Amino acid sequence: MIDNKVSQMEMFNIQITFEEIICDALGLSLTSSTNKQELFLDPQFFGINIGGSGVEELWKNSQLEGYKSKSTTINFK
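What counts as what
- Residues numbered from 1 in each chain as written.
- Predicted model: local features only at pLDDT ≥ 70, side-chain atom pairs only at ≥ 80, totals over all residues.
- Heavy atoms only, no water.
- Salt bridge = Lys/Arg side-chain N within 4 Å of Asp/Glu carboxyl O.
- Buried < 20%, exposed > 50% of the residue type's maximum accessible area, 1.4 Å probe, protein only.
- Helix = DSSP H or I, 4+ residues; strand = E, 2+ residues; numbered from the N terminus.
- Phe/Tyr/Trp six-rings, centres within 6.5 Å; stacked < 30°, edge-to-face > 60°.
- Pairing = 2+ DSSP bridges.
- Patch = residues over 30% accessible without salt bridge, like charges linked within 9 Å, V, L, I, M, F, W, Y side chains within 5 Å.
- Areas by Shrake-Rupley, 256 points an atom, 1.4 Å probe, with all protein chains shown as cover.
- Contact = heavy atoms within 4.5 Å.
- Axes fitted to C-alpha atoms, helices over the stretch in contact; angles between N-to-C directions.

Below, the discussion takes up the pattern of salt bridges. Evaluated as defined, the whole model comprises 2 salt bridges. Linking K36 and E38 is a salt bridge whose minimum nitrogen-to-oxygen distance equals 3.8 Å. Taking the relative accessible area as the measure of exposure, K36 reaches 52% and is therefore exposed. Linking E56 and K60 is a salt bridge whose minimum nitrogen-to-oxygen distance equals 3.2 Å. Of this pair, E56 and K60 both sit in helix α1 (residues 53-61), 4 residues apart, which is roughly one turn of the helix. Residue class for K60 comes out partly exposed when judged on its relative accessible area of 40%.

And the structure:
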């Protein structure tokens, strides 16, 4: 039986309004009794790029010079 749970959520440059939460990119950690997996969601102009740490590195490396990324992490127990 699959028992993956979201154990951590990392949002980059989060903005919270009355109606929505906006962020530049989103990282999820999925944990089960036997392993841990990472998902990174990079919303681009032509679609959403989804993958692991490689997608996160591509996202970080493709930012404009001077871009500052602030990470907000939520841990779930």
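Attention shifts here to the packing of aromatic side chains. Per the stated rule, a full pass over the model turns up 4 aromatic pairs. Note on W59 and Y67: the rings are 6.1 Å apart at their centroids and 85 degrees apart in plane angle, and the pair reads as edge-to-face. Of the residues examined, Y67 reaches a relative accessible area of 30% and is grouped as partly exposed. One aromatic cluster is present, built from ring pairs that chain together F12, F40, W59 and Y67.

Where a strand is regular, its side chains alternate between the two sheet faces. Pairing analysis gives 7 bridges linking strand β1 (residues 5-12) to strand β4 (residues 25-31), with the strands arranged antiparallel. In the strand pairing of β4, M11 is matched with L26. When β1 meets strand β7 (residues 71-75), the two strands line up antiparallel, connected through 5 bridges. Residue pairing for β7: Q8 is matched across the bridge by N75.

Here we come to a nonpolar patch on the surface. A surface patch of nonpolar side chains, about 220 Å² in accessible area, is lined by V6, I74 and F76. One can find V6 in strand β1.

The next thing to look at is the environment of L26. Following the sequence through the fold, L26 ends up in strand β4. Expressed as a C-alpha distance, the spacing of L26 and I14, which sit 12 residues apart in the sequence, is 9.5 Å. Setting aside residues up to four positions removed in sequence, L26 forms contacts with M9, E10, M11, L39, F40 and L41.

What follows covers the sheet that holds β1. Taken in spatial order, the 5 strands of this open sheet run β6-β5-β4-β1-β7, and their pairing is antiparallel. Pairing within the sheet leaves two strands with one partner each, and these edge strands are β6 (47-51) and β7. Taken over all neighbouring pairs, the strand axes of this sheet differ in orientation by 15 degrees on average, direction set aside. With respect to the sheet, α1 is in contact with β1, β4, β5 (36-44) and β6, its orientation differing from that of β5 by roughly 35 degrees.

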